[in-house]
Amino acid sequence: MKLFENKTYPILPAAEFKLLSEMQFPKADSDLGKAIIANADAALESEIPQLYASLYLRFSKDGNRSEYEKSYFERRILLKQLLLGEIVQNENRYTEKIIDLAWLILEETSWIIPAHNYNTFSLAVEDSHKIPLPFCYDGTHTFVDLFSAETAAILSLIYYYLKDKIEAISPCSVNNRILYAVRERVLLPFLRTEHMWWMGYAGKKPNNWNPWIVSNILICTACAESEQLLREQLTAKALRVLDNFIDIYAEDGGCNEGPHYWGEAAAALFDTFEILDDMTGGKTDAFSNPLVYNMMDYIRKVHLMDSFFANFADADPELYKEGIPNVFRMGQRTGNAALTTFAATFTPKLLPLYCNYGHNYRALKNVCTLLPQKHPYIAAEFDILPNLQLAVWRKGG
């Protein structure tokens, strides 16, 4: 099914756009606000890890991706912790460290991790060893992976929330460089081509990469792109790409990637709907579709008990121990009372969701989402997803 076929939405100009609609961040003197500030204080004192070519090369030598990724992701986690601390405290204590991190990330030759680097030179996977370091020093970027899109999104959020504070410290340079890098490394490559496999063109079946990347593309478009024509073109392309993902789902909304990657698949699709809702001033109708209802309700149907889920495909049996505020919003937006009640049974611990999560918009919005702390939910004894060919029995309901 093509959800967005023949549909257009009015995209707000950058000057009129407001992220997270009317949701409010926690106050600095609240329990959550104090925890956020303590986290940011720790990040302020942390050393920024270095990224070496020798670490990047290890993946081509011995398959080790974790050593490079450890430092790569630590930089971004520190940046998120500091950003959230500055948003909540608003005393300009973290801005210079934020600039340090943003500058170093902007200095990275590529935001694509070693395990995804074969795509940067349009080589076949089996030939990727021929160019083990990123081939983009000449200014050309031809591929967008999960984490280059995430990186662009967090930098876009830095610009959106802190551009005035950054400009007061360093006029022109940092802000302009963020805007340039986001556009050149992510937005324009996304707009200009259809060759990236995860887009779902040319008979290639997309997976969770599709909505995961598109959700971050939309954050970049909403927060860091001021040209109205580009905002409209990027959004239109994003919706066409999302349709390729939605089109692989059967009527029951079942996720064949399992309940863990549902969090990167259908849940990321919901992220794109929420961002689109912000970008259009609430004029999207995507939440009301029956297939979308089933795609979101899937996680309730594969739940067993406590934090245990039916762990087929690539999934551990115990998931979402940190809480699922986004699922609460899914239930609200799709009119699924059972889903909101289900989500409210999980005690939310919101801070880890933001600081360690790759879904930038979701993580920010989760911090602003208040759930009922106790809400009775009684699961059905039996749930079935006939197209997925999965049935769940629960003893005693």
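Coordinates for the structure precede this section.
This write-up is about the structure you can find in this document. (Residues numbered from 1 in each chain as written. Predicted model: local features only at pLDDT ≥ 70, side-chain atom pairs only at ≥ 80, totals over all residues. Heavy atoms only, no water.)

Moving on, we come to the pattern of salt bridges. Applying the stated criterion to the full structure yields 17 salt bridges. Close ionic contact of Arg394 with Asp383 constitutes a salt bridge, the shortest N to O distance being 2.9 Å. Taken together, the residues Arg394 in the segment after strand 4 (390–393) and Asp383 in strand 3 (residues 382–385) connect sequence positions 11 residues apart. Overall, Arg394 belongs to the buried group, its relative accessible area being 5%. When salt bridges that share partners are traced, they join Arg75, Arg76 and Glu108 into one network. (Salt bridge = Lys/Arg side-chain N within 4 Å of Asp/Glu carboxyl O. Helix = DSSP H or I, 4+ residues; strand = E, 2+ residues; numbered from the N terminus. Buried < 20%, exposed > 50% of the residue type's maximum accessible area, 1.4 Å probe, protein only.)

It is worth spelling out a nonpolar patch on the surface at this point. Nonpolar side chains collect at one region of the surface, where Leu304, Met305 and Phe308 lie side by side and expose about 260 Å² of accessible area between them. The topology assignment puts Met305 in strand 1 (residues 303–305). (Patch = residues over 30% accessible without salt bridge, like charges linked within 9 Å, V, L, I, M, F, W, Y side chains within 5 Å. Areas by Shrake-Rupley, 256 points an atom, 1.4 Å probe, with all protein chains shown as cover.)

Right, let's talk about the packing of helix 11 (residues 290–301) against helix 13 (residues 337–344) for a bit. Close contact between helix 11 and helix 13 brings their axes to 10 Å; oriented N to C, the two are set at 45 degrees. On the basis of their axis angle, the class for helix 11 and helix 13 is oblique. Considering only the axes of helix 11 and helix 13, their crossing is left-handed. Contacts between helix 11 and helix 13 involve Met296, Asp297, Ile299 and Arg300 from the former and Ala338, Leu339 and Phe342 from the latter. Class assignment of the residues belonging to the contact of helix 11 with helix 13 gives a composition of 5 nonpolar, no polar and 2 charged. (Axes fitted to C-alpha atoms, helices over the stretch in contact; angles between N-to-C directions. Parallel < 35°, antiparallel > 145°, perpendicular 65-115°, else oblique. Left-handed = near helix turned anticlockwise from the far one by under 90°. Contact = heavy atoms within 4.5 Å. Nonpolar A, V, L, I, M, F, W, Y, C, P; charged D, E, K, R; others polar.)

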